[in-house]
Amino acid sequence: MATKILIIGACGQIGTELTLALREKHGENNVIASDIREGNDDLMQSGPFEKLDATNYKAIEDIVMHYEVEEVYLMAAMLSATAEKFPMRGWNLNMDSLFNVLNLAKDKKIDKVFWPSSIAVFGPSTPKNDTPQTTVMEPTTVYGISKQTGERWCEYYHNKYGVDVRSIRYPGLISYKTQPGGGTTDYAVEIFHEALAKQAYTSFLSEETALPMMFMDDAIRATISLMEAPAESLSIRSSYNLGGISFTPKQLAESIKAEIPAFKIDYEPDFRQPIADSWPSSINDEQAQKDWGWQHEYDLEKMTKAMLNGLKSLKS
Ligand code: SER
């Protein structure tokens, strides 16, 4: 049975691929894309689009009513590096949009919500390797604070009002169809663009900075599996840890060099280095495996090949 779905923030890095995947599954006209700006041609031409400010409750409600939307994926957010520059704007966008959607679900205007959390919920006092689902969380970035607070509110709305909200703590996401915007893990996408254009890249994170990462195909599959899982199998209503690959800029450069032998990397860490240093290096996702059968498919080598081939295919 097709479900009527609204994606808020559909033109971003995750939103674009998620919209296309959901349109494939539920039919183009059942998946309404919305964003404050227009997206790429694939997105704009494959189904309905509405211009939407995620902080405007009434505007979201109007779209939900008009299309008889049942599920909302709220992908609009200000990411870690940008939110450090505009703390109050980041906080307001990330929190207001979440309350808007949670309140629509509380009032039974929609049935189900997906909201993304992040590895940014963790901080320097969190165990760095194989970070457990439940552990110390003292985030030091505005983005991380907003995501951790959001997790608490998701769980609260579930326990108190029965809201069916589901969430994943995404690692850094690597994709070729759409660029990320304003994150600390963006280097792992930029590097591929520059490897193809110039055979060289200057990393804004130091060579030994290991972070949890994931190829977008895995992230989209995880998102859709979690949303399709039976409610009774889910034991976490804050947000699920999701493991993928863990690598440093140096290891990523080695993997690219195996494909492009002339590739060279150097390092000029900037203000994003302390953000990365405050995050885990790798994530334990046993709970996601147990509750909804999660298993990632892409390792570093497979991801590198998929990125380079994907980018080349877009250029040709
Ligand atoms: N990739 C995000 C960022 O770097 C983390 O969720 O901000």
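Residues numbered from 1 in each chain as written. Predicted model: local features only at pLDDT ≥ 70, side-chain atom pairs only at ≥ 80, totals over all residues. Heavy atoms only, no water.

**Q** What is the right way to look at empty space enclosed by the protein in this model?
**A** Taken as a whole and judged by the stated rule, the model has one cavity of 30 Å³ or more. In this structure, the largest cavity encloses a volume near 30 Å³. Grouping the amino acids of the lining of the largest cavity by side-chain chemistry returns three nonpolar, two polar and one charged. (1 Å grid on protein atoms, 1.4 Å probe; cavity = no way out; pocket = protein on both sides within 12 Å on 5 of 7 lines; lining within 4 Å. Points joined across faces, edges and corners; volume = space filled by probe spheres on them. Nonpolar A, V, L, I, M, F, W, Y, C, P; charged D, E, K, R; others polar.)

**Q** Sorry, what's going on with the pairing of strand 6 (residues 164–170) here?
**A** Each regular strand shows side chains that alternate between the opposite faces of the sheet. Burial of strand 6 is extensive: seven of the seven residues sit out of reach of the surface. Along strand 6, one buried face is formed by Asp164, Arg166, Ile168 and Tyr170 and the opposite face, lined by Val165, Ser167 and Arg169, is buried too. Sheet analysis places strand 5 (residues 112–118) next to strand 6, joined by seven bridges and oriented parallel. Within strand 6, the residue paired with Ser117 across the bridge is Arg169. As for the winding sense of the linkage, the β-α-β connection from strand 5 through helix 6 (residues 142–161) to strand 6 is right-handed. Where strand 6 and strand 10 (residues 240–241) come together, two bridges link them in parallel fashion. Following the sheet pairing, Ile168 is matched in strand 10 by Tyr240. (Buried < 20%, exposed > 50% of the residue type's maximum accessible area, 1.4 Å probe, protein only. Helix = DSSP H or I, 4+ residues; strand = E, 2+ residues; numbered from the N terminus. Pairing = 2+ DSSP bridges. Right-handed = clockwise from strand over helix to strand, strands pointing away.)

**Q** Would you explain the packing of aromatic side chains in this entry?
**A** For any pair of aromatic rings, geometry is given as the distance between the ring centres together with the angle between the planes. If you walk through the whole model with that rule in mind, you get eleven aromatic pairs. Ring geometry for Tyr73 against Phe114: centres 5.8 Å apart, planes inclined by 35°, an arrangement best described as tilted. Pair noted here: Tyr73 is in strand 4 (residues 71–74) and Phe114 is in strand 5, with a separation of 41 residues, a long-range link. Judged by relative accessible area, Phe114 falls into the buried class, the value being 0%. When the centroid spacing of 6.2 Å and the interplanar angle of 65° are considered together, the rings of Trp153 and Tyr157 count as edge-to-face. Taken as a pair, Trp153 and Tyr157 lie in helix 6 at a separation of four residues, close to a single helical turn. The class for Tyr157 is buried, based on a relative accessible area of 6%. Of the aromatic side chains, those joined through ring pairs into one cluster are Phe99, Trp153, Tyr156, Tyr157 and Tyr161. (Phe/Tyr/Trp six-rings, centres within 6.5 Å; stacked < 30°, edge-to-face > 60°.)

**Q** I'm lost on the side chain of Thr178 in this one. Help?
**A** Within the fold, Thr178 resides in the loop between strand 7 (172–174) and helix 7 (187–198). With relative accessibility at 14%, the residue Thr178 sits in the buried group. Among the polar contacts listed, one links the side chain of Thr178 to the side chain of Thr16, at a separation of 3.5 Å. Filtering out sequence-adjacent residues up to four positions away, Thr178 remains in contact with Cys11, Gly12, Gln13, Thr16 and Asn40. (Polar contact = N/O pair within 3.5 Å; in protein donor to acceptor, adjacent residues only side chain to side chain. Contact = heavy atoms within 4.5 Å.)

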